[in-house]
Amino acid sequence: ISAQKRFRIFDGHFSSTFFMTYLISPKVCHRFVGFLEDEAVITYTRCLEDLDAGRLPAWTSLPAPTIAKKYWKLCDQAVMRDVLLAIRADEANHRE
């Protein structure tokens, strides 16, 4: 069984389970999503720490993708660090 097929099976199972759980208890689902957002903030913070510590040298001066500049209204000179800051702030804003 291919990885793609396994992912489709997992995705279908997760979506169905999440939907049924939401029908029973929306609060549980909202808390689960909040947990994922909290974890995202931690992950982006660690990524920024690694970047600042020089552990991601390829990203130090990597220009931000155009789509990221447009979406988060970043300046034309924005780099990946700016993108990570914007994403982390966006995720932190979604917390419960």
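Residues numbered from 1 in each chain as written. Predicted model: local features only at pLDDT ≥ 70, side-chain atom pairs only at ≥ 80, totals over all residues. Heavy atoms only, no water.

S.K.: How do you make sense of the nonpolar core when you look at a structure like this?
M.R.: Formed by A64, A68, A78, M80, V83 and I87, the largest nonpolar core amounts to six residues. Residue contributions to this core peak at three residues, all from helix 4 (residues 80–93). In contact with V83, other than residues within four places in its own chain, are A64, P65, A68, W72 and L74. (Core = buried A, V, L, I, M, F, W, Y, C linked by side-chain atoms within 4.5 Å. Buried < 20%, exposed > 50% of the residue type's maximum accessible area, 1.4 Å probe, protein only. Helix = DSSP H or I, 4+ residues; strand = E, 2+ residues; numbered from the N terminus. Contact = heavy atoms within 4.5 Å.)

S.K.: It is not clear to me how a nonpolar patch on the surface should be interpreted in this structure. Could you clarify?
M.R.: Taken together, the side chains of F7, F10, F14, F32, V33, F35 and L36 define a hydrophobic patch exposed on the protein surface, amounting to about 660 Å² of accessible area. Of all the secondary-structure elements, those providing two or more residues to the nonpolar patch are helix 1 (3–24) and helix 2 (26–52). Residue contributions to the nonpolar patch peak at four residues, all from helix 2. Along the chain, F32 turns up in helix 2. (Patch = residues over 30% accessible without salt bridge, like charges linked within 9 Å, V, L, I, M, F, W, Y side chains within 5 Å. Areas by Shrake-Rupley, 256 points an atom, 1.4 Å probe, with all protein chains shown as cover. Salt bridge = Lys/Arg side-chain N within 4 Å of Asp/Glu carboxyl O.)

S.K.: Before we go on, may I ask you to explain the packing of helix 1 against helix 2 in this structure?
M.R.: Two packed helices can be described by the angle between their axes and the distance between those axes. Between helix 1 and helix 2, whose axes approach to 5 Å, the crossing angle comes to 130°. What the angle tells us is that helix 1 and helix 2 run oblique. Each of F14, F18, T21, Y22 and I24 in helix 1 lies in contact with helix 2, whose residues at this interface are P26, V28, C29, H30, F32 and V33. When grouped by side-chain class, the residues that make up the contact of helix 1 with helix 2 number nine nonpolar, two polar and no charged. (Axes fitted to C-alpha atoms, helices over the stretch in contact; angles between N-to-C directions. Parallel < 35°, antiparallel > 145°, perpendicular 65-115°, else oblique. Nonpolar A, V, L, I, M, F, W, Y, C, P; charged D, E, K, R; others polar.)

S.K.: Just checking my understanding: could you explain the side chain of K69 for this structure?
M.R.: Take K69: it is sitting in helix 3 (residues 66–71). Here K69 is buried and forms no salt bridge, its nearest opposite-charge partner D76 lying at an N-O distance of 5.4 Å. (Lys, Arg positive; Asp, Glu negative; His and termini not counted.)

S.K.: Sorry if this is basic, but what is going on with helix 4 here?
M.R.: Every α-helical turn comprises 3.6 residues, leaving residues that sit three or four positions apart pointing alike. The first and last C-alpha atoms of helix 4 sit 20 Å apart over 14 residues, in line with the 20 Å expected at 1.5 Å per residue. When we look at burial in helix 4, the residues that qualify are M80, V83, L84, A86, I87 and E91. Buried residues of helix 4, viewed axially, fall in a sector of 165°; they line one side. Those residues of helix 4 hidden inside the fold are in contact with helix 2 and helix 3. (Expected span 1.5 Å × (residues − 1). Arc of directions from axis to C-beta.)

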